[in-house]
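# Close look at the chain arrangement
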Amino acid sequence: MDTTATDPAQSVRNAAEAVREFNHLTFPHADQSPALPYPGDAYDAISALKTLAQRLPQAIEQIGTALDVLTAAGHLGASDGEDPQRHVANVQGFLITAMEQAGGLAQCLDLAHSAVSSLTYSGPDDGPEDEACGEGMCQCSCVSVLHACGCDCPRCP
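Rules behind the numbers
- Residues numbered from 1 in each chain as written.
- Predicted model: local features only at pLDDT ≥ 70, side-chain atom pairs only at ≥ 80, totals over all residues.
- Heavy atoms only, no water.
- Helix = DSSP H or I, 4+ residues; strand = E, 2+ residues; numbered from the N terminus.
- Buried < 20%, exposed > 50% of the residue type's maximum accessible area, 1.4 Å probe, protein only.
- Areas by Shrake-Rupley, 256 points an atom, 1.4 Å probe, with all protein chains shown as cover.
- Patch = residues over 30% accessible without salt bridge, like charges linked within 9 Å, V, L, I, M, F, W, Y side chains within 5 Å.
- Salt bridge = Lys/Arg side-chain N within 4 Å of Asp/Glu carboxyl O.
- Phe/Tyr/Trp six-rings, centres within 6.5 Å; stacked < 30°, edge-to-face > 60°.
- Contact = heavy atoms within 4.5 Å.
- Axes fitted to C-alpha atoms, helices over the stretch in contact; angles between N-to-C directions.
- Parallel < 35°, antiparallel > 145°, perpendicular 65-115°, else oblique.
- Left-handed = near helix turned anticlockwise from the far one by under 90°.
- Nonpolar A, V, L, I, M, F, W, Y, C, P; charged D, E, K, R; others polar.
- Expected span 1.5 Å × (residues − 1).
- Core = buried A, V, L, I, M, F, W, Y, C linked by side-chain atoms within 4.5 Å.

## Some remarks on the overall build of the protein
A count of helical and extended segments in the protein gives three helices and zero strands. Moving toward the C terminus, one meets the helices and strands of the protein in the order α-α-α. Per-residue burial for the protein yields a buried fraction of 18% across its 157 residues. A total of about 11,000 Å² of accessible surface is found on the protein, and carbon and sulfur atoms cover 58% of it.

## Some points on a nonpolar patch on the surface
Together, Val19, Leu49, Leu52, Leu56 and Leu105 make up an exposed nonpolar region whose accessible area comes to about 330 Å². Looking at which element gives the most residues to the nonpolar patch, the answer is helix H2 (residues 39–72), with three residues. Relative accessible area serves as the criterion here: at 30%, Val19 is assigned to the partly exposed category.

## Quick word on the packing of aromatic side chains
Enumeration according to the criterion identifies one aromatic pair in this entry. Both rings, one in Tyr38 and one in Tyr121, keep their centres 4.6 Å apart while their planes meet at 65 degrees; by these two values the pair is edge-to-face. Residue Tyr38 is located in the loop between helix H1 (8–26) and H2, and its partner Tyr121 is located in the segment after helix H3 (84–116); the two are separated by 83 residues in the primary sequence.

## Examining the environment of Pro84
Within the secondary structure, Pro84 sits in helix H3. Beyond its immediate chain neighbours, meaning those up to four positions away, Pro84 contacts Leu76, Gly77 and Ala78.

## A short note on the packing of H2 against H3
In contact at an axis separation of 9 Å, H2 and H3 are set at 165 degrees when each is read in the N-to-C sense. By the angle between their directions, the pair H2 and H3 is classed as roughly antiparallel. Read as a crossing pair, H2 and H3 show a hand that is left-handed. Its residues assigned to classes, the contact of H2 with H3 shows 22 nonpolar, eight polar and four charged.

## Here's the deal with the pattern of salt bridges
Overall, the coordinates contain five salt bridges when judged by the stated rule. The partner of Glu17 in a salt bridge is Arg20, and the shortest N-O contact between them spans 2.7 Å. Taken together, the residues Glu17 and Arg20, both in helix H1 and three residues apart, mark about one turn of the helix. In this structure, Arg86 engages Glu82 in a salt bridge whose closest nitrogen and oxygen atoms are separated by 3.7 Å. Each of Asp80, Glu82 and Arg86 takes part in one network of salt bridges that share partners.

## Some remarks on H2
The periodicity of an α-helix, 3.6 residues per turn, causes residues three or four positions apart to be oriented the same way. The terminal C-alpha atoms of H2 lie 50 Å apart, and with 34 residues this matches the ideal 50 Å at 1.5 Å per residue to within 8%. Of the positions making up H2, those classed as buried are Pro39, Asp41, Ala45, Ile46, Lys50, Ala53, Pro57, Ile60 and Gly64. If you follow the buried residues of H2, they end up packed against H1 and H3. Backbone geometry just after H2 places Gly74 at a positive phi near 75 degrees.

## Section: the environment of Phe94
By secondary structure assignment, the location of Phe94 is in helix H3. The exposure class of Phe94 is exposed, given its relative accessible area of 64%. As a C-alpha pair, Phe94 and Gly64 span 30 residues in sequence and 9.9 Å in three-dimensional space.

## Structural notes on the nonpolar core
Core analysis: the biggest nonpolar cluster contains five residues, these being Ile46, Ala53, Ala106, Leu109 and Val116. Only H2 and H3 provide two or more residues apiece to this core. The dominant element in this core, judged by the number of residues it contributes, is H3, at three residues. Once you skip the residues sitting within four places of it in the chain, Ile46 turns out to touch Leu109, Ala112, His113 and Val116.

Shown next, in the form of structure tokens:
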């Protein structure tokens, strides 16, 4: 059963689990080849993280909006007996800071994404020589301007 339709927080838990899985898959081991062996792999990973970070401010803001709606409807209490509006004000302050920091994270990832785009792979070419660019073990995406075909594949002229 898909609980994301009834539990919006499940979507966020799924995103957190996806990041945990990425961390597990890319954890460096001395006896293994890198999990991101080509610059294009780093480019794609940074792009995905950038997109995630760009979407965080809206998600955070909508949590604050939900608390505002609950407050306005008089549907909040506080377990410590204090005024729930005081707690909501504290939460809102932290959420605003989180939104600002998420925006900064997105900006830094955007700069990293731009910076990694100029990197090319110059290591050994272990793939079959008879396959055209973009096939088999070739990791290029044929989208840059570094080679005639538009990719950064070491096999391209």
